[in-house]
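Single-letter residue listing:
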Amino acid sequence: CIFAMAATSMEARVQCVKMLCDLAQKDAHFLELPAFRPQCVQLLEELVADESDDVRQYAVMAVAAFAELASYKDAFLESSVLPALFCLVENCQYETAQMRRTAAAVLALLCRTHPYTMREGLQRQDAFCVVDWMQRVSLLEDARTRESALVVKAFLEDVSVPEGAQRVQSIEEEEEEA
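Given the structure is predicted, the values throughout are model-derived calculations rather than measurements. All chains use their own residue numbering, which begins from 1 and follows the written sequence. In keeping with the model being predicted, local features are shown solely for residues with a pLDDT of at least 70 and side-chain atom pairs are shown and tallied solely at 80 or more, while totals for entire chains, interfaces and linings include all residues. Values reported for side chains reflect all heavy atoms of the structure, with hydrogen atoms and water molecules removed beforehand.

A. Representation of the overall build of the protein chain. In terms of regular secondary structure, the protein chain is built from 11 helices and zero strands. Note on conventions: DSSP H or I runs of at least 4 residues are helices, E runs of at least 2 residues are strands, and numbering of each starts at the N terminus. Secondary structure elements of the protein chain, listed N to C terminal, follow the sequence α-α-α-α-α-α-α-α-α-α-α. Within the span of the protein chain, comprising 178 residues, buried residues form 44% of the whole. Restricting the contact set of the protein chain to residue pairs at least 6 apart, pairs at least 24 apart contribute 67%. Values of accessible area rely on a 1.4 Å probe in the Shrake-Rupley scheme; residue burial ignores everything except the protein chains shown. For the protein chain, the accessible surface area stands at approximately 9,500 Å², while carbon and sulfur atoms represent 51% of it. Each residue's exposure class comes from its accessible area (1.4 Å probe, protein chains only) as a fraction of the maximum for that residue type: buried when under 20%, exposed when over 50%, partly exposed otherwise. It only takes one pair of heavy atoms within 4.5 Å for two residues to be counted as in contact.

B. Molecular detail of the environment of Leu85. Examined against the element boundaries, Leu85 turns out to sit in helix α6 (residues 81–88). Assessed through its relative accessible area of 1%, Leu85 is described here as buried. C-alpha of Leu85 to C-alpha of Thr102: the two residues are 17 residues apart in sequence and 8.9 Å apart in space. The residues touching Leu85, leaving out its near neighbours within four places in the chain, are Val60, Val63, Ala103, Val106 and Leu107.

C. Fine view of the nonpolar core. In this structure, Leu20, Phe66, Phe76, Phe86 and Met118 are the most contacted members of the largest nonpolar core, which totals 55 residues. Residues contacting Phe66, with those up to four places away along its chain left out, are Leu20, Ala24, Leu31, Cys40, Leu44, Tyr72 and Phe76. Take the buried residues of types Ala, Val, Leu, Ile, Met, Phe, Trp, Tyr and Cys, join any two whose side-chain atoms come within 4.5 Å, and each joined set is a nonpolar core.

D. Spatial organisation of the packing of helix α2 (residues 10–25) against helix α4 (residues 53–66). Helix axes use the C-alpha atoms of the stretch in contact, all axes being lines fitted to C-alpha atoms, and the angles between their N-to-C directions lie in the range 0 to 180 degrees. Packing of α2 against α4 leaves a shortest axis separation of 8 Å and a crossing angle of 15 degrees. Overall, the two elements α2 and α4 adopt an arrangement that is roughly parallel. Between α2 and α4 the crossing geometry is left-handed. Residues Met10, Arg13, Val14, Val17, Lys18, Leu20, Cys21, Ala24 and Gln25 of α2 lie in contact with α4, whose contacting residues are Asp54, Val55, Tyr58, Ala59, Met61, Ala62, Ala65 and Phe66. Throughout this description, any angle smaller than 35 degrees is read as roughly parallel, any larger than 145 degrees as roughly antiparallel, any in the 65 to 115 degree range as roughly perpendicular, and the remainder as oblique. If you view the pair so one helix is near and one far, a crossing is left-handed when the near helix is turned anticlockwise from the far one by less than a right angle, and right-handed when it is turned clockwise.

E. Spatial organisation of the pattern of salt bridges. One speaks of a salt bridge when a side-chain nitrogen belonging to Lys or Arg is within 4 Å of a carboxyl oxygen belonging to Asp or Glu. The tally for this structure, following the rule as stated, stands at six salt bridges. With a shortest N-O distance of 2.7 Å, Asp50 and Arg13 are connected by a salt bridge. Residue Asp50 is located in the loop between α3 (37–48) and α4, and its partner Arg13 is located in helix α2; the two are separated by 37 residues in the primary sequence.

F. Examining the confidence of the model for the protein chain more closely. Chain-level pLDDT for the protein chain is 84 on average; 87% of the residues reach the 70-or-more range. Per-residue pLDDT, averaged within each element of the protein chain, yields its smallest value for helix α11 (residues 163–177) (47) and its largest for helix α10 (residues 143–157) (94). The predictor rates its confidence in each residue with pLDDT, a number between 0 and 100. The model gives residues 165–174 a pLDDT under 50, and that stretch makes four contacts with residues more than four places away or in other chains.

G. How the structure looks around α10. Given a helix with a known number of residues, its expected span is that number minus one, times 1.5 Å. A rise of 1.5 Å per residue sets the reference length of α10, with its 15 residues, at 21 Å; its end C-alpha atoms lie 20 Å apart and thus fit the reference within 8%. Tucked inside the fold, the buried residues of α10 contact α6, α7 (97–113), α8 (115–125) and α9 (130–136).

H. Expanded view of α8. Buried within α8 we find Pro115, Met118, Arg119, Gly121 and Leu122. Each buried residue of α8 sits inside an arc of 160 degrees when the element is viewed along its axis, so together they form one side. Buried positions along α8 lie against α5 (70–77), α6, α7, α9 and α10. A positive backbone phi angle near 55 degrees is found at Asp126, which sits one or two residues after α8. Taking the helix axis as origin, the arc is that swept by the directions to the C-beta atoms.

I. Focus on the environment of Trp133. The topology assignment puts Trp133 in helix α9. Once the C-alpha coordinates of Trp133 and Lys153 are considered, the two residues, 20 residues apart in sequence, prove to be 8.7 Å apart. Apart from the residues lying within four places of it in its own chain, the contact partners of Trp133 are Phe86, Val89, Glu90, Phe128, Ala149, Val152 and Lys153.

J. Summary view of the packing of aromatic side chains. Stacked, tilted and edge-to-face pairs are distinguished by plane angle, under 30 degrees for stacked and over 60 for edge-to-face with tilted covering the rest, among Phe, Tyr and Trp rings (Trp via its six-membered ring) whose centres lie within 6.5 Å. Tallied over the full model, the rule gives four aromatic pairs. Considering the side-chain rings of Phe3 and Phe36, the 5.2 Å spacing of their centres and the 45 degrees angle between planes classify their relative orientation as tilted. Pair noted here: Phe3 is in helix α1 (residues 2–5) and Phe36 is in the loop between α2 and α3, with a separation of 33 residues, a long-range link. In this structure, Phe3 and Phe36 share a single accessibility class: buried. Centre to centre, the rings of Phe66 and Tyr72 are 4.7 Å apart; their planes meet at 40 degrees, and the pair counts as tilted. We note that Phe66, like Tyr72, is buried. Through successive ring pairs, a cluster of aromatic residues spans Phe66, Tyr72 and Phe76.

See the structure below:
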């Protein structure tokens, strides 16, 4: 089983995530089954945060392929994949340009159809400050990454933030200043 492969060696994780990339490209109906999807999303959450550059690279590509499927869009919006993708869309030398571009493109895809859910999910997870990220978007050096990131920013800015979330953010900012 593909999922069991990921629990072994680094080479097995690379092969596992490559297989997921291939599977996502096929018109396989089992990908959308409730018995497969949660395990797949959980595995991709782990692989996107893997210690191996190769595993992370292929995991981002797999997320991009699965994000084309409606049921995975919803699942990714509620998962730790979302903040991981945002963290990749930065000016850094640690990840490849392809990873940053793909992460930004996936975020743009998800944001076009689910901007409120995306922003709400990020705030609920409290794992990522989307406001700070939006302020840095225009400073992204790679033009293709910046283009997709600006789409994300535009959609997220158009979404109203619930009162409680704004209040919590204001309190946190006040505490940091003190």
